[in-house]
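# A look at the structure
Residue-level listing of the chains:
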Amino acid sequence: MKKIILLITSLAFVSAYTQVGINTANPQGIFHVDGSRDNAVTGVSTALQQSNDFVVTSNGSVGIGTNTPNASAILDINVDGLPSGNKKGFLGPKVALTSQTDQVTIPSPATGLLVYNLGTGGLTYNGYVFWNGTEWRTFNNGSLAPGTLGSITCNAITLSPSTYTAGVPFTGAMNVPYTGGNGGVYPAQTIGPVNGLTATLSAGNFNSGSGTLSYTISGTPTVTSPVSTTFPLTIGGQTCSATIGAGDGISPGDLVFYHSSIPRKTSSFLLSQYLTDLPVLNNTFRIDAFITSPGAFDGTGASTNMDPRLYNITASNAKVWVSEVSTHTGDSHGANLLILPNNYAQFDDGVYLTQGRNETVTFDVTTADNKWYRVYYVLRIDNKSIATGNGNGNTTSDPSTADNTLEVYISIQRLY
């Protein structure tokens, strides 16, 4: 009896203070399984020998494929010792969740619980998800709720590169700004072809708040810029006619400036006869003016001698709304104008650019794609060689003086 008690006591002592090895006489932890029975008899085994091992260390860490799990990890799975072509990965539990808030398929999921969703049970997202305490989310913490938007900013859509040529294969990015995103998911989309081009969008998550969707535009266009292409977008509960291809334009909030000069003329003329770089709105409308009575610049009478015009420089009809906001009274406030190709609209009954009546023209333009511009327009005569003051303090000059110039100042601000 004494021998039996002594044997049991000895076994308990050994069990408490020694390591247990299975298939190895050289255990590297409290519990060590050498799957292939190939570890070194003494010392440290090679990475290849460790690749089939399972170890539990004295601090409770578990190593699979390594005898020395990282001290910061409770579980360290290492495949460094496996040769290329025979590596292995981690395979988590697979489930088919019914929704982003499903707590039936896995009852009372713990916060941080990780599973692979098959996408076949109602929640269509396919991939690893985790429970955040309220809902299942993607690895990047994206919501799996159906995505919604407050609005799509249709008039700020851009294309890069901004132009295309008929018959030449094209690949570019159409960026679509939006506001009011809920962080939810949106599906992949394919729209088109329109004019030979197709817009595609990969599935993803909206931002919470403002963001931008990036569609890939590809194909061989049947038209050449500035002829535009319009894709009908429906996403996040909003719709938008995405018009691209007219070329680069002015972004909302931008203010651009133009200044040039031409020699003083003595007969009527169109500014663009002498200025080939006049500003163009929305790649469609050239800001121009017809000077009807150049000699009236020096006069004191109530003569109108400048007619502001918008020229349609495209090959298609173009609609525009013009509303003058300067102090001068025009004859087409809020005009709804359809301008034919290579034609113009004159939306004012004439501006006074005479002594004492030199007026600044300011007008608003909205285009068919809902872009809103404000144009500031100033013309002045610079009498350089002869500048004599009259009784009103104004300068006068001989219109034929060679170095006199007409100075043209234009600025354009994109308001929306």
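Refer to the structure printed above.
Analysis parameters
- Residues numbered from 1 in each chain as written.
- Predicted model: local features only at pLDDT ≥ 70, side-chain atom pairs only at ≥ 80, totals over all residues.
- Heavy atoms only, no water.
- Helix = DSSP H or I, 4+ residues; strand = E, 2+ residues; numbered from the N terminus.
- Areas by Shrake-Rupley, 256 points an atom, 1.4 Å probe, with all protein chains shown as cover.
- Core = buried A, V, L, I, M, F, W, Y, C linked by side-chain atoms within 4.5 Å.
- Buried < 20%, exposed > 50% of the residue type's maximum accessible area, 1.4 Å probe, protein only.
- Contact = heavy atoms within 4.5 Å.
- Polar contact = N/O pair within 3.5 Å; in protein donor to acceptor, adjacent residues only side chain to side chain.
- Disulfide = S-S within 2.5 Å.
- Patch = residues over 30% accessible without salt bridge, like charges linked within 9 Å, V, L, I, M, F, W, Y side chains within 5 Å.
- Salt bridge = Lys/Arg side-chain N within 4 Å of Asp/Glu carboxyl O.
- Pairing = 2+ DSSP bridges.
- Axes fitted to C-alpha atoms, helices over the stretch in contact; angles between N-to-C directions.
- Phe/Tyr/Trp six-rings, centres within 6.5 Å; stacked < 30°, edge-to-face > 60°.

What follows covers the overall build of the protein chain. Looking only at helices and strands, the protein chain features two helices and 32 strands. Summed over its atoms, the accessible surface of the protein chain is roughly 21300 Å², and 54% of this surface lies on carbon and sulfur atoms.

In this structure, Leu271, Leu310, Tyr377, Leu406 and Ile410 are the most contacted members of the largest nonpolar core, which totals 34 residues. Put simply, the parts of the chain that give this core at least two residues each are strand 20 (255-263), strand 23 (285-291), strand 24 (306-312), strand 25 (318-324), strand 26 (335-339), strand 28 (361-367), strand 29 (372-382) and strand 32 (405-414). Setting aside residues no more than four positions away along its own chain, Leu271 makes contact with Ile262, Leu278, Asp288, Ala289, Tyr377, Leu379, Leu406 and Val408. By size, the runner-up hydrophobic cluster in this structure holds 25 residues, among which are Phe170, Tyr186, Leu197 and Ile217.

Following the sequence through the fold, Lys371 ends up in the loop between strand 28 and strand 29. One polar contact links Lys371 to Asn282, side chain to side chain, over a distance of 3.2 Å. If sequence neighbours within four positions are ignored, Lys371 has contacts with Asn155, Asn282, Val365, Thr366, Arg414 and Tyr416.

Let us look at the state of the cysteines. Applying the stated criterion across every chain, the model contains one disulfide. One disulfide in the model links Cys154 with Cys240; its S-S distance is 2.0 Å. Placement of the pair is Cys154 in the loop between strand 10 (151-152) and strand 11 (158-160) and Cys240 in strand 19 (residues 238-244), with a sequence separation of 86 residues. We classify Cys154 as partly exposed; its relative accessible area is 27%. Judged by its relative accessible area of 5%, Cys240 falls in the buried class.

Quick look at a nonpolar patch on the surface now. A cluster of nonpolar side chains, contributed by Phe54, Ile64, Ile74, Leu75, Ile77 and Phe90, occupies part of the molecular surface with about 570 Å² of accessible area. Given a relative accessible area of 32%, Phe54 falls into the partly exposed group.

A few words now on the sheet that holds strand 4 (residues 62-64). Across the sheet, five strands lie side by side as 1-2-3-4-5; this open sheet has mixed pairing. Looking at which strands have only one partner, the edges of the open sheet turn out to be strand 1 (20-22) and strand 5 (75-77). With direction set aside, neighbouring strand axes in the sheet form an average angle of 10 degrees. With three bridges joining them, strand 3 (residues 53-56) and strand 4 adopt antiparallel strand pairing. Opposite Val55, over in strand 4, you have Gly63 as the bridge partner.

A complete count under the given rule lists nine aromatic pairs for this structure. Judged by centre distance (5.5 Å) and plane angle (70 degrees), the rings of Tyr178 and Phe206 are edge-to-face. Linking Tyr178 in strand 12 (residues 170-182) with Phe206 in the loop between strand 16 (204-205) and strand 17 (208-219), this pair joins segments that are 28 residues apart in sequence. Judged by centre distance (5.0 Å) and plane angle (35 degrees), the ring pair of Tyr311 and Tyr344 falls under tilted. With Tyr311 in strand 24 and Tyr344 in strand 27 (residues 344-346), this pair connects stretches of sequence that are 33 residues apart. Judged by relative accessible area, Tyr311 falls into the buried class, the value being 11%.

Below, the discussion takes up the pairing of strand 29. Burial along strand 29 is one-sided: Tyr373, Val375, Tyr377, Leu379 and Ile381 are buried, while Trp372, Arg374, Tyr376, Val378, Arg380 and Asp382, pointing the other way, are not. Pairing between strand 28 and strand 29: six bridges, direction antiparallel. Residue pairing in the sheet places Asp364 in a bridge with Arg374 of strand 29. Between the end of strand 28 and the start of strand 29, which pair antiparallel, lie four residues, with Asn370 showing a positive phi angle near 70 degrees. In this structure, strand 29 lies alongside strand 32, joined through ten bridges in antiparallel fashion. From the neighbouring strand, Leu379 faces strand 32, where its bridge partner is Val408.

For the rest of this paragraph, the subject is the sheet that holds strand 7 (residues 114-117). Read from one edge to the other, the open sheet built from four strands follows the order 6-7-8-9, with strand pairing classed as mixed. With one partner strand each, in any of the chains shown, strand 6 (94-95) and strand 9 (136-138) form the two edges of the open sheet. Relative to strand 7, strand 6 runs parallel, the two sharing two bridges. In the sheet register, Val95 faces strand 7, and the bridge partner there is Asn117.

On to the side chain of Ser411, then. With respect to the element layout, Ser411 can be found in strand 32. Accessibility expressed as a relative area gives 12% for Ser411, which makes it buried.

Under the definition given, this model contains three salt bridges. Between Glu135 and Arg137 there is a salt bridge whose closest N-O contact spans 2.9 Å. Each member of the pair, Glu135 together with Arg137, is buried. With a closest N to O distance of 3.0 Å, Asp288 and Arg286 form a salt bridge. Taking relative accessible area as the criterion, Asp288 reaches 0% and is therefore assigned buried.

On to unusual backbone geometry. For the peptide bond that leads from Ser160 to Pro161, omega is -5 degrees, which places it in the cis range. Note that Pro161 resides in the loop between strand 11 and strand 12. Going from Gly192 to Pro193, the amide bond is cis rather than trans, its omega being 10 degrees. Its location among the elements puts Pro193 in strand 14 (residues 189-194). The residue Asn195 is not glycine, and still its phi comes out positive at about 55 degrees. Relative to the helices and strands, Asn195 is located in the loop between strand 14 and strand 15 (197-201). Residue Asn195 is classed as partly exposed on the basis of its relative accessible area, which comes to 27%. A positive phi angle, near 60 degrees, is found at Asn342, a position not held by glycine. By relative accessible area, which is 61% here, Asn342 ends up exposed.

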